[in-house]
Amino acid sequence: MKAVIAGGGIGGLTTAIALEKLGHEVEVYEAAPEFKSVGAGLGLAANAVKAFDHLGLKDEVLAAGQLLPSAKLLTKKGAVITQVDSLKISAKYGVDNFAIHRADLHAVLLKNLKKTKLVTGKKAEACSESASGVEVKFTDGTSASGDFLIAADGIHSQIRKQFLPMSAPRYAGYTCWRAVVPQPKQRIELPSETWGEGARFGIVPLKDDRIYWFACLNARQHDLSVRNFKKGNLLWHFDDFHEPVAELIQSAAQKDIIWSDIIDLAPIDKFAFGKVLLAGDAGHATTPNMGQGACQAIEDAAFLYSILQGAGSIEEKFRRFEKVRKPRTKKIVENSWLIGRVAQWEKPWAAGLRNKLFSMVPQSVQEKQLAFLYEVEFK
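First, a word on what this report is: a plain description of the structure on this page.

Cut-off values and rules
- Residues numbered from 1 in each chain as written.
- Predicted model: local features only at pLDDT ≥ 70, side-chain atom pairs only at ≥ 80, totals over all residues.
- Heavy atoms only, no water.
- Helix = DSSP H or I, 4+ residues; strand = E, 2+ residues; numbered from the N terminus.
- Rg over C-alpha atoms; globule rule 2.2 N^0.38 Å.
- Buried < 20%, exposed > 50% of the residue type's maximum accessible area, 1.4 Å probe, protein only.
- Contact = heavy atoms within 4.5 Å.
- Areas by Shrake-Rupley, 256 points an atom, 1.4 Å probe, with all protein chains shown as cover.
- Lys, Arg positive; Asp, Glu negative; His and termini not counted.
- Charge placed at Lys NZ, Arg CZ, Asp CG, Glu CD.
- Pairing = 2+ DSSP bridges.
- Axes fitted to C-alpha atoms, helices over the stretch in contact; angles between N-to-C directions.
- Parallel < 35°, antiparallel > 145°, perpendicular 65-115°, else oblique.
- Left-handed = near helix turned anticlockwise from the far one by under 90°.
- Expected span 1.5 Å × (residues − 1).
- Phe/Tyr/Trp six-rings, centres within 6.5 Å; stacked < 30°, edge-to-face > 60°.
- Salt bridge = Lys/Arg side-chain N within 4 Å of Asp/Glu carboxyl O.
- Nonpolar A, V, L, I, M, F, W, Y, C, P; charged D, E, K, R; others polar.
- Polar contact = N/O pair within 3.5 Å; in protein donor to acceptor, adjacent residues only side chain to side chain.

1. Things to note about the overall build of the protein chain
Then, in step 1: Along the backbone of the protein chain there are 14 helices and 19 strands.
Then, in step 2: Computed over its C-alpha atoms, the radius of gyration of the protein chain comes to 21 Å, within 12% of the 21 Å expected for a compact globule of 379 residues.
Then, in step 3: If one aligns the C-alpha atoms of the protein chain with their principal axes, the spans along those axes are about 60 × 45 × 35 Å.
Then, in step 4: Looking at the protein chain as a whole, 53% of its 379 residues qualify as buried.
Then, in step 5: Nonlocal contacts in the protein chain, meaning residues at least 24 apart in sequence, comprise 72% of its contacts between residues at least 6 apart.
Then, in step 6: Accessible surface computed for the protein chain: about 16900 Å², of which carbon and sulfur atoms make up 54%.
Then, in step 7: Put simply, the protein chain has 49 plus and 42 minus side-chain charges, and the middle of one group is 2 Å from the middle of the other.

This is the structure:
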């Protein structure tokens, strides 16, 4: 069959690889003028690595990043709230807490597409379905047709809005800056996330002596004054955070700092619409608080790979995908939203209580959460 994929991000390209492996003719249409990764670093949890293994991509992906042995949650003064032993988790569930630059992951995915047609500068605007297949119309007036469509065109998906016009991104209440900088002289070997009052700062070591950092602050949505923050503004807001927060902010070139409001998609009722399927952020965009945004898009590709090998029409297979994926992605979106709200508490007394309570979370509760995320079977 001929598959059309709208969107050439991590989810779209991983899905293209899965479909190509199944022998389908695949065309990927990306809105951007080139296949260029937008963003900085990201973490891949054990479930995403397991999905890549299912698709035969695990070794190449792991070679492009690095496994981090543990991770810490800190107060703004640097005291440990809680620490996770990633090596122990990896021994039980498979490689976990794996850090990679988005551009490096993008390069691995593009390298593994052998026959797929890749077209840039094509933003999907609408689609129509007939007995013979689907047609996708782009904003430049052109179109493409195939037997089915995978809409992986992100949280602002026009394809989703066509079927679910009331669906729209929701603002989480905080905004974020990101950058990748060189390792400081005082090397950082372990990732951490620091919780203050209405402010958070994350540090993730990447391969090739690079550090990915992110800074979150409570703010109004689309606030131009916040959007125009310079390094000096960030340094002022994080001046009471432990070292090396200030050093990392200072080491970033202003032009390399990426800013965005944090948004997600409130869980929707349907992913499957006949021969059209919503995947990745188009169907279940989540806040980054659980590190599951890219992971769930990658999971989509792995589940689709298995489901398409079964019996039935494409419509039946897409409905099965929806049945399998909707409850899991809904829970992750809702949990991540809740974690973000708590992590951004502003009042000092509330933030102090939060840190105390998080330090007392029983191991059994943490294990239950990990089991839900990582004990996944792609069938």
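Structure shown, so let's carry the discussion forward.
2. Topic: the sheet that holds strand E7 (residues 98-101)
Then, in step 1: With respect to topology, three strands assemble into an open sheet ordered E3-E7-E4, the strand pairing being antiparallel. What marks the edges here is a single partner per strand, and that holds for strand E3 (41-44) and strand E4 (66-67).

3. Looking at the packing of helix H11 (residues 293-307) against helix H12 (residues 314-343)
Then, in step 1: Taken N-terminus to C-terminus, the directions of H11 and H12 make an angle of 155°; their axes are 10 Å apart at the nearest point. The angle between the axes of H11 and H12 places the two elements in the roughly antiparallel class. The way H11 lies across H12 gives a crossing that is right-handed. Contacts from Gln-296, Glu-299, Asp-300, Phe-303, Leu-304 and Ile-307 in H11 reach Lys-317, Phe-318, Arg-320, Phe-321, Val-324, Arg-325, Arg-328, Thr-329 and Ile-332 in H12.

4. So, helix H1 (residues 10-21)
Along an α-helix, residues three or four positions apart point the same way, because every turn accommodates 3.6 residues.
Then, in step 1: For H1, spanning 12 residues, the distance from its first C-alpha to its last is 17 Å, which sits close to the expected 16 Å at 1.5 Å a residue.
Then, in step 2: Considered for burial, the residues of H1 that qualify are Ile-10, Gly-11, Gly-12, Leu-13, Thr-14, Thr-15, Ala-16, Ile-17, Ala-18, Leu-19 and Glu-20.
Then, in step 3: Following H1 by one or two positions, Gly-23 has its phi on the positive side, about 90°.

5. Overview of the sheet that holds strand E15 (residues 199-206)
In a beta sheet, neighbouring strands are held together by backbone hydrogen bonds and run either parallel or antiparallel to one another.
Then, in step 1: Read across the open sheet, the seven strands follow the order E6-E5-E14-E15-E16-E13-E17; overall the sheet is mixed. Where the open sheet ends on each side, the last strands, each with one partner, are strand E6 (80-85) and strand E17 (258-265). Sheet twist, expressed as the average angle between the axes of neighbouring strands with direction ignored, equals 20°.
Then, in step 2: Pairing analysis gives four bridges linking strand E5 (residues 70-75) to strand E14 (residues 192-195), with the strands arranged parallel. Residue pairing across strands places Leu-73 opposite Glu-193, the latter belonging to E14.
Then, in step 3: Sitting on the sheet, helix H13 (residues 348-359) touches E5, E6 and E14, and the angle it makes with E6 is about 35°.

6. Focus: the packing of aromatic side chains
Then, in step 1: Taken as a whole, this structure holds 11 aromatic pairs when the rule is applied.
Then, in step 2: Arranged with centres 5.0 Å apart and planes meeting at 75°, the rings of Trp-195 and Phe-358 form a pair that is edge-to-face. Linking Trp-195 in strand E14 with Phe-358 in helix H13, this pair joins segments that are 163 residues apart in sequence.
Then, in step 3: Phe-358 sits in the partly exposed class, given a relative accessible area of 28%.
Then, in step 4: An angle of 65° between the planes, with centres 4.9 Å apart, marks the rings of Phe-303 and Phe-378 as edge-to-face. Linking Phe-303 in helix H11 with Phe-378 in the segment after helix H14 (363-374), this pair joins segments that are 75 residues apart in sequence. The burial state of Phe-303 is the same as that of Phe-378; both residues are buried.
Then, in step 5: Here the aromatic cluster, defined as three or more aromatic residues joined through ring pairs, consists of Phe-201, Trp-213, Phe-238 and Phe-241.

7. Considering unusual backbone geometry
Then, in step 1: Following Glu-243, the chain continues into Pro-244 via a peptide bond in cis, with omega recorded as 10°.
Then, in step 2: Although it is not a glycine, Asp-209 sits at a positive phi angle of roughly 55°.
Then, in step 3: Mapped onto the elements of the fold, Asp-209 is located in the loop between E15 and strand E16 (210-218).

8. What about the pattern of salt bridges?
Then, in step 1: Applying the stated criterion across every chain yields a total of 19 salt bridges.
Then, in step 2: A salt bridge links Asp-256 to Lys-255, with the shortest nitrogen-to-oxygen separation between them at 3.2 Å.
Then, in step 3: On the basis of relative accessibility, which here comes to 73%, the residue Lys-255 falls in the exposed class.
Then, in step 4: Between Asp-300 and Arg-325 there is a salt bridge, with its nearest N and O atoms 2.7 Å apart.

9. Digging into the packing of helix H4 (residues 86-93) against H14
Then, in step 1: Orientation of H4 relative to H14, taken along the N-to-C sense of each, is 45°, at an axis distance of 12 Å. As summarised for this structure, H4 and H14 are arranged oblique, according to the angle between their axes. In this structure, H4 meets H14 at a crossing whose hand is right-handed. Every residue of H14 that contacts H4 at Ile-89, Lys-92 and Tyr-93 is listed here: Glu-367, Leu-370, Ala-371 and Tyr-374.
Then, in step 2: Its residues assigned to classes, the contact of H4 with H14 shows five nonpolar, no polar and two charged.

10. Description of the side chain of Arg-200
Then, in step 1: Mapped onto the fold, Arg-200 is located in strand E15.
Then, in step 2: Given a relative accessible area of 2%, Arg-200 falls into the buried group.
Then, in step 3: A polar contact is formed between the side chain of Arg-200 and the side chain of Asn-289, at a distance of 2.8 Å.

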